[in-house]
Amino acid sequence: MNKDFIKVIYDKAHDENLYTEEMKKEYTEEIAEIIEKLNITDKDSDIVKIDKINNYIKDNISIRDNYFHALDGDVEFDRREMLYRTGYAALIKGEAMCAGFTEATRSLLEAVNVKTHTLITKLPGKNKQLLHYVCVCETSEGNKIVDPERQGSCERKGFDFQRYLDGMIFIVPEDNFNKNKVGKTGVGPKALEYLKEPYSIFKEGLGGVDELVDIMNEKEIEYVQGY
């Protein structure tokens, strides 16, 4: 197992400060157990690894409904709910928001040597105003969007998942997105408002993902040292 996967929690779209050292240790142990359970080996292709991990996340993790409840009304957001934006909550507590789904998916994939990035998106539909997290994988067969949370939702509703993905607007997250944009509100800016920001780099549909991955690689994202 590639223990360098822990760099994912230091990504600019996530927040390492939501972890204690003990949580990092538990998370690492859980990652190792899941990889062994899924019987992932170096002989597996990237696509096989992605399928195994995507299906595991999709079948075993639930959306954190209480997070949405914490956003209701005029009361101050309960910061304890921020835990559910982590891969730790997804894999150990079995509940997470999309950020946690993505962090867990990326952590597992990086642990088996599949290179990944985090993109944020505007979901299809005028009523979808919250920004959404997805994982993008670099494979020998091209870049692949992995979103077990939305895939599971589409399957339950009988929607075409690939068509749903193609209706997304994909965005490169800015530096410290989770820390600076999610902030005390727990939700961050509305999707359409964020797209209007002069620094927003985005593409509509799956056809634009390759260019966004190239941009992220060209910027040579530097992770915080010390993980």
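Residues numbered from 1 in each chain as written. Predicted model: local features only at pLDDT ≥ 70, side-chain atom pairs only at ≥ 80, totals over all residues. Heavy atoms only, no water.

Before going further, it helps to examine the overall build of the chain. A tally of regular secondary structure across the chain gives 10 helices and seven strands. Here the chain, with 227 residues, has 51% of them falling under the buried criterion. Within the chain, contacts between residues separated by at least 24 positions form 66% of all contacts whose residues are at least 6 apart in sequence. On the chain, roughly 11400 Å² of surface is accessible, and the fraction owed to carbon and sulfur atoms is 44%. (Helix = DSSP H or I, 4+ residues; strand = E, 2+ residues; numbered from the N terminus. Buried < 20%, exposed > 50% of the residue type's maximum accessible area, 1.4 Å probe, protein only. Contact = heavy atoms within 4.5 Å. Areas by Shrake-Rupley, 256 points an atom, 1.4 Å probe, with all protein chains shown as cover.)

Looking at the element boundaries, Ile92 is found in helix 4 (residues 87-93). In this structure the C-alpha to C-alpha distance between Ile92 and Ile61, which are 31 residues apart in sequence, comes to 9.4 Å. When sequence neighbours within four positions are dropped, the list of residues in contact with Ile92 reads Glu26, Tyr27 and Glu30.

The next subject is the confidence of the model for the chain. Residues of the chain with pLDDT of at least 70 account for 89%, and the chain-wide mean is 89. Contacts for the low-pLDDT stretch residues 221-227, under 50 throughout, to residues beyond four places or in other chains number 13 contacts. (pLDDT = per-residue confidence, 0-100.)

As enumerated under the stated definition, the model contains 11 salt bridges in all. Members of the salt-bridge network, linked through shared partners, are Lys58, Asp59 and Glu155. (Salt bridge = Lys/Arg side-chain N within 4 Å of Asp/Glu carboxyl O.)

Moving on, we come to the nonpolar core. Across soluble globular proteins, you tend to see nonpolar side chains buried next to one another. If you look at the biggest cluster of nonpolar residues, it comprises 51 residues, and the most contacted ones within it are Tyr27, Ile31, Ile53, Ile57, Leu91 and Leu108. Elements supplying a minimum of two residues to this core: helix 1 (21-37), helix 2 (46-60), helix 4, helix 5 (98-111), strand 4 (132-139), strand 6 (169-172), helix 8 (177-182) and helix 9 (191-195). Here this core gets seven residues from one element, more than from any other, and that element is helix 5. Contacts of Leu108, omitting those with residues within four sequence positions, involve Ile31, Ile34, Ile35, Ile53, Ile57 and Leu91. Listed in part, the 17 residues of the second largest apolar core include Val134, Tyr164, Val172 and Val213. (Core = buried A, V, L, I, M, F, W, Y, C linked by side-chain atoms within 4.5 Å.)

A few words on the side chain of Lys58. Tracing the backbone shows Lys58 in helix 2. Setting aside its immediate chain neighbours within four residues, Lys58 contacts Pro148, Gln151, Gly152 and Glu155.

A few words on helix 2. Taking 1.5 Å as the rise per residue, helix 2 with 15 residues should run 21 Å; its terminal C-alpha atoms sit 21 Å apart, in good agreement. Among all positions of helix 2, only Lys49, Ile50, Ile53, Asn54, Tyr56, Ile57 and Lys58 are buried. In this fold, the buried residues of helix 2 make contact with helix 1, helix 4, helix 5, strand 4, strand 5 (142-146) and helix 6 (148-157). (Expected span 1.5 Å × (residues − 1).)

As summarised here, the arrangement of the five strands in space is 5-4-3-6-7, forming an open sheet in which the pairing is antiparallel. Looking along the sheet, the strands with just one partner apiece sit at the ends: strand 5 and strand 7 (201-204). In this sheet, adjacent strand axes meet at a mean angle of 35° when their direction is disregarded. Here strand 4 pairs with strand 5 via five bridges, running antiparallel. The residue of strand 5 that forms the bridge with Glu138 is Asn143. Strands in contact with helix 5 are strand 3 (115-122), strand 4 and strand 5; relative to strand 4, the strand with the most contacts, it is inclined by about 20°. (Pairing = 2+ DSSP bridges. Axes fitted to C-alpha atoms, helices over the stretch in contact; angles between N-to-C directions.)

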